[in-house]
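Residue-level structure breakdown
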Amino acid sequence: MRRGSRGVWVSGAAWALLACSSTASKTEAAEETVRRFFEALPSEDCAVLGPLLATGGSMRPCEEAVREMHEHGLSLVGIVESRLDGRDADAVLVRARIARDGEVGKEPWLLRVERHAGGWRVRF
Amino acid sequence: MRKVLCAVATLMLWACGGSGGETSQPRQEGLSLSAETGDTRGTFARDGSEVSFSAREVEPGVYSLEVRLRGMTLAGLLDPASGVSTMDGFADEGAADTQLTDADRELLSAFYDALSAELPTGDAAAPEAMYLRRAVGLWAQHPSTVELQRTVMGEQGRGYTMLCSYARCNGRNTGSCGGVYNWYSYAKHDCNKGGFSFAGNQQIAQLGDHTSCGGDEFYMSGSTWLCGEPDHWSRPKVMGNCFGRCGGGCGGDTQYTLDATNHDGCVRNGHVLASAWCDDQFVSATDDELFASNCY
């Protein structure tokens, strides 16, 4: 192998590693956002929860959404896995087991965590 | 060397899951459809977004569906005689995971309306086209929190319950009830307000295609019918806009079922269409929409 080609492949491998670490950092950040949201949910404090919730679309205002979730006794049982959305590199799909009033659903919920200017936010 | 760098860059872009987006010019607005025996395909364009679709009979009585939009593919394989189907959805690039968003549902809903308007109603449509319409109606209401990849089994009496007779009033399947209603059907859901037995989670419904308005439904307030939706009132009487029918509003099929009634009773009762509170009603109604017979 010529020296130049070897350099290109080393460079390529470095970029690939960087891409993988970038993906990992996104999924970790998304999972952490989901955990922080559910930890803070019982407080119903939108000063804390608001920055963790996505806005727009069919999302309702923080106070309303959080009150409903709290009334229904939603809690995080565990995160199954998370992957980048194949159509949006700034969104992570987090599969999470959610309990309602202590009863764990059969299927995991697919939560969308989006990267916005202020950080990562969950869209239900 | 430049080629190698280019290959590495391409690999990087693919690995990062970047959305390539559609670069082709959108076609003419509206639905363009071609059909021959066992094969219906075409495109639908609206506001610069395009849907391409195909529905084929791949074996006798087995239908393969494919709908592509906004960088994703929705696929289905249906064997109605056996009551078995597999549904899937994935990003076009790398077949990676994705989920339906509000923008996807909006486009699919317009596509569903166009299919319902263009194709013959109910069983008069070619079978592959009818199942395509049903699947599109399903995807147009698919909540983001529910996985796209699913196996759906349907069997009448166990998986779904037909309510055709409840959809009639005054001896008619369609048209005005003339003040003669069938108040047989209790639409029920569970949510943050309470369980199925909570009166606020119930609506007493006249099913069927008997009247429509610009809101979600008509509901009785005192002695007056109002257009809109009550928000967890105690067992209001409701009707209109094809209450209890599979698919959003009045689609091209005429399936009235118990699970579709309960789903309508959820999304037309203070919850938005893709609300997580109505996910379980949506999942229960999936087999109804794919497999239940048309009532008329």
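Per chain, residues are indexed from 1 in the order of the written sequence. Chain A is the first chain written and ligand 1 is the first ligand written, with later ones labelled in order. Note on the predicted model: pLDDT of at least 70 is required for a residue's local features to be given, and 80 or more for side-chain atom pairs to be given and counted; whole-chain, interface and lining totals, by contrast, use all residues. No hydrogens and no water enter the side-chain calculation; it runs on all heavy atoms of the structure.

All names here are of chain A. Of the pairings in the sheet, the one linking strand β1 (residues 74-85) to strand β2 (residues 88-100) comprises 10 bridges and is antiparallel in character. Bridging across to β2, L74 finds its partner in R100. Should DSSP find at least two bridges between two strands, the strands are taken to pair. Think of it this way: any DSSP run of H or I at least four residues long counts as a helix, any run of E at least two long counts as a strand, and we number them from the N terminus. Counting the residues between successive antiparallel strands, the hairpin from β1 to β2 contains 2 residues. One ladder, built from 6 bridges, connects β2 with strand β4 (residues 109-116); its direction is antiparallel.

As a further point, take unusual backbone geometry. Residue and element names in this part refer to chain B. In this model, R235 sits at a positive phi of 40 degrees, which is unusual for a non-glycine residue. You can see R235 is positioned in the loop between β11 (224-228) and β12 (237-239). Each residue gets one of three labels from its accessible area relative to the maximum for its type: buried under 20%, exposed over 50%, partly exposed in between, using a 1.4 Å probe on protein chains only. By relative accessible area, R235 is classed as partly exposed at 36%. Despite not being glycine, N241 shows a phi value in the positive range, around 50 degrees. Topologically, N241 is positioned in the loop between β12 and α4 (258-267).

Turning next to the environment of S116 of chain B. All names here are of chain B. The topology assignment puts S116 in helix α2 (residues 102-118). Put simply, S116 and R133 are 17 residues apart on the chain and 7.1 Å apart in space, counted from C-alpha to C-alpha. When checking whether two residues touch, look at their non-hydrogen atoms; a contact exists if any pair is within 4.5 Å. When neighbours within four sequence positions are excluded, S116 is seen to be in contact with R133, G251 and G252. Here the side chain of S116 touches G252 through a polar contact of 3.1 Å, landing on its backbone nitrogen. Two N or O atoms count as a polar contact when they lie within 3.5 Å, although within protein this holds only if one can serve as hydrogen donor and the other as acceptor, and sequence-adjacent residues are included solely when both atoms are side-chain atoms.

Everything listed here is a matter of geometry and, on its own, says nothing about what the molecule does.
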